[in-house]
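Letter by letter, the chains look like this.
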Amino acid sequence: MHTVAAVQMISTPDVAANIAAARRLIGQAAATGAKLVLLPEYWAIMGLNDSDKVAQAEALGQGPIQDFMAAMAREHGIWLLGGTLPLASDDPERVINTTLVYDPAGHHVGRYDKIHLFGFSKGTESYDEARTIVPGRSVGTVDTPLGKVGLSVCYDLRFPELYRAMGPLSLIVVPAAFTYTTGKAHWEVLLRARAIENQCYVLAAAQGGQHVNGRRTWGHSMLIDPWGEVKTVLAEGEGVVHGQVDLDFLAGVRASLPALQHRTM
């Protein structure tokens, strides 16, 4: 058994305030016995404008956001999957929306740059991440004591071929900032589908509430098992969800319904 946890936040334009909130919530997650902790997308900054994150972009290996994540992993002796933070790109107007992974010694051991950039327009609600984000190009996984973990971010959830490209996984992580509109309609069903079709656990850490910039995010951070059952969920507000990754149960699901072996393409 491996205890894992997801942190749910309502991030603000103030990086220091978000770091303080994350420090408290990571501490709560570690207190549950979790050895792997996931932060949500945009945990470090949800700006008044989409372009605000560009001013906070850090070079890889440098900056207060990365220093904080490394310190938290080391202090609590956990695998910390840092939701996403803005990394500097070659385009001064855009950042890379990146998940960084830290081992219990605080070493940076994994990275995934969000590939699929969210675009949505309905009525007065409109989003276009491509204006401020450079898309990633490579699938990301990391080997941990609970097996291979597949890295993905928010809108990636709608693209099942991304997860197939990762190979067999013990756990998929999905840091996210799903909007209230799309989250209410699609969040849980997509997460459960990814768990069922890949026969692995799915841990999702979301933004969950009304933000200073007027945006409302769906929340519902959760852990789902390989049979597609939601094991724990937090609807809205700051907090932590935690649960067990049982590799024997995972193996049993794959043995009784060997769908991954039945694939023909």
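Structure report, in brief. (Residues numbered from 1 in each chain as written. Predicted model: local features only at pLDDT ≥ 70, side-chain atom pairs only at ≥ 80, totals over all residues. Heavy atoms only, no water.)

1. Description of the overall build of the protein
- Helices and strands together make up the secondary structure of the protein, namely six helices and 15 strands.
- For 265 residues, the compact-globule estimate of 2.2 N^0.38 gives 18 Å, and the C-alpha radius of gyration of the protein, at 17 Å, lies within 12% of that figure.
- On the principal axes, the C-alpha backbone points of the protein span a range of 50 × 45 × 35 Å.
- Across the 265 residues of the protein, 54% fall into the buried class.
- Within the structure as shown, the protein displays about 11,000 Å² of accessible surface, and the carbon and sulfur contribution to it stands at 52%.
- Taking the average place of the 22 positive charges on the side chains of the protein and the average place of its 26 negative ones, the gap between the two points comes to 4 Å. (Helix = DSSP H or I, 4+ residues; strand = E, 2+ residues; numbered from the N terminus. Rg over C-alpha atoms; globule rule 2.2 N^0.38 Å. Buried < 20%, exposed > 50% of the residue type's maximum accessible area, 1.4 Å probe, protein only. Areas by Shrake-Rupley, 256 points an atom, 1.4 Å probe, with all protein chains shown as cover. Lys, Arg positive; Asp, Glu negative; His and termini not counted. Charge placed at Lys NZ, Arg CZ, Asp CG, Glu CD.)

2. Looking at the nonpolar core
- Among the nonpolar cores identified, the biggest contains 44 residues, and Leu 36, Leu 81, Val 149, Val 174, Trp 187, Leu 191 and Leu 203 are the most heavily contacted of them.
- Of the residues forming this core, the biggest block, six residues, is contributed by strand S12 (residues 201–206).
- Apart from the residues lying within four places of it in its own chain, the contact partners of Leu 81 are Leu 36, Val 37, Leu 38, Leu 39, Leu 100, Val 101, Val 149, Leu 151 and Val 173.
- Among the nonpolar cores identified, the runner-up in size contains 29 residues, and Ala 21, Leu 39, Leu 85 and Leu 87 belong to it. (Core = buried A, V, L, I, M, F, W, Y, C linked by side-chain atoms within 4.5 Å. Contact = heavy atoms within 4.5 Å.)

3. Describing the pattern of salt bridges
- Inspection of every chain in the model, using the stated rule, returns 10 salt bridges.
- Residue Lys 114 pairs with Glu 129 through a salt bridge whose shortest N-O separation is 2.8 Å. On the criterion of sequence distance, the pair formed by Lys 114 in the loop between strand S6 (108–113) and strand S7 (119–122) and Glu 129 in the loop between strand S8 (125–128) and strand S9 (140–144) is long-range, its members being 15 residues apart.
- Between Glu 229 and Lys 231 there is a salt bridge, with the nearest N and O atoms lying 3.7 Å from each other. (Salt bridge = Lys/Arg side-chain N within 4 Å of Asp/Glu carboxyl O.)

Don't take any of this as a statement about function, it's just geometry.
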